[in-house]
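Understanding the architecture of this molecule
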Amino acid sequence: IAGMLAAMFLAGCASGPSIYVNADPAANFSGYRTYNFMNPLGTDRPGYSSVLSEYLRTAASRELEARGYQKSDNPDLLVNFNVQTKEKIQSTSMPSGPAYGGYYGYRSGYYGTWGGYETQVTQYTEGTLTVDVVDAARKQLAWDGTAVGRVREDARKNLQPAVDKVMAQIFTTFPSRLPPAP
């Protein structure tokens, strides 16, 4: 269940998750043509493949094939997924009371008196989804993309579209095998 939650932060966030990408400078992406998935995936459970793993596989296949890679039983690249969630607390102090407003937004009048402060505490779940792409021959990480963001409740009802959306965001900088569009 925690694995599913981590993917849910994707759809509900107006600005979207933060995306981080790293590539091995020694990786020869012009030589890679095929891919497949690690077995088991980091998102699988002992003895079975999770629903989240299936959604991630489908979305990653779509992104890789759109870039000219072919799925193969003898792949150049192996893809793996890792998901992590952690509970976080955010506190925000804001001016309150009758002195709120004015020139600086926290004083009344031009240089009026200081108002009181109100602290708001919010608990939320932060999710991290990482896609690892490994050079199968060298057994070396060639590329990884990570999305970090808040888990949104509204995405629970639409997990697959949320996964599709974040996977597209993660793969925006993945090297393409296709020639550039004219």
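Residues numbered from 1 in each chain as written. Predicted model: local features only at pLDDT ≥ 70, side-chain atom pairs only at ≥ 80, totals over all residues. Heavy atoms only, no water.

Examining the overall build of the protein
Looking only at helices and strands, one finds 4 helices and 6 strands in the protein. Ordered by position in the sequence, the α and β elements of the protein form the string α-α-β-β-α-β-β-β-β-α. Going through the 182 residues of the protein one by one, you find that 41% of them count as buried. Only carbon and sulfur atoms are counted for the fraction: they give 51% of the accessible area of the protein, which is about 10,300 Å². (Helix = DSSP H or I, 4+ residues; strand = E, 2+ residues; numbered from the N terminus. Buried < 20%, exposed > 50% of the residue type's maximum accessible area, 1.4 Å probe, protein only. Areas by Shrake-Rupley, 256 points an atom, 1.4 Å probe, with all protein chains shown as cover.)

Digging into the pattern of salt bridges
One pass over the full model with this rule turns up 5 salt bridges. Measuring nitrogen to oxygen at the nearest pair gives 3.1 Å for the salt bridge that ties Asp-135 to Arg-138. One network of salt bridges, in which partners are shared, links Asp-24, Asp-135 and Arg-138. (Salt bridge = Lys/Arg side-chain N within 4 Å of Asp/Glu carboxyl O.)

What about the pairing of strand 6 (residues 140–150)?
Among the 11 residues of strand 6, 8 are classified as buried, and the element is accordingly described as predominantly covered. Pairing analysis gives 6 bridges linking strand 1 (residues 18–23) to strand 6, with the strands arranged antiparallel. Looking at the pairing, Ser-18 lines up with Val-148 of strand 6. (Pairing = 2+ DSSP bridges.)

Digging into the nonpolar core
Burial of nonpolar side chains together is a common tendency in soluble globular proteins. Counting 28 residues, the largest nonpolar core has Phe-81, Val-131, Phe-171 and Phe-174 as its most contacted members. When residues of this core are traced back to their parent elements, those giving at least two are strand 2 (34–37), helix 3 (51–66), strand 4 (77–96), strand 5 (116–135), strand 6 and helix 4 (159–170). Apart from residues no more than four positions distant in its own chain, Phe-174 is found in contact with Phe-29, Leu-64, Arg-67, Tyr-69, Leu-77, Val-133 and Trp-143. (Core = buried A, V, L, I, M, F, W, Y, C linked by side-chain atoms within 4.5 Å. Contact = heavy atoms within 4.5 Å.)

Some points on helix 4
Compared with an ideal rise of 1.5 Å per residue, which puts 12 residues at 16 Å, helix 4 spans 16 Å between its outermost C-alpha atoms and is within 8% of the ideal. If you check which residues of helix 4 are buried, you get Leu-159, Ala-162, Val-163, Val-166, Met-167 and Ile-170. The buried residues of helix 4 occupy one face: seen down the axis, they fall within an arc of 130 degrees. (Expected span 1.5 Å × (residues − 1). Arc of directions from axis to C-beta.)

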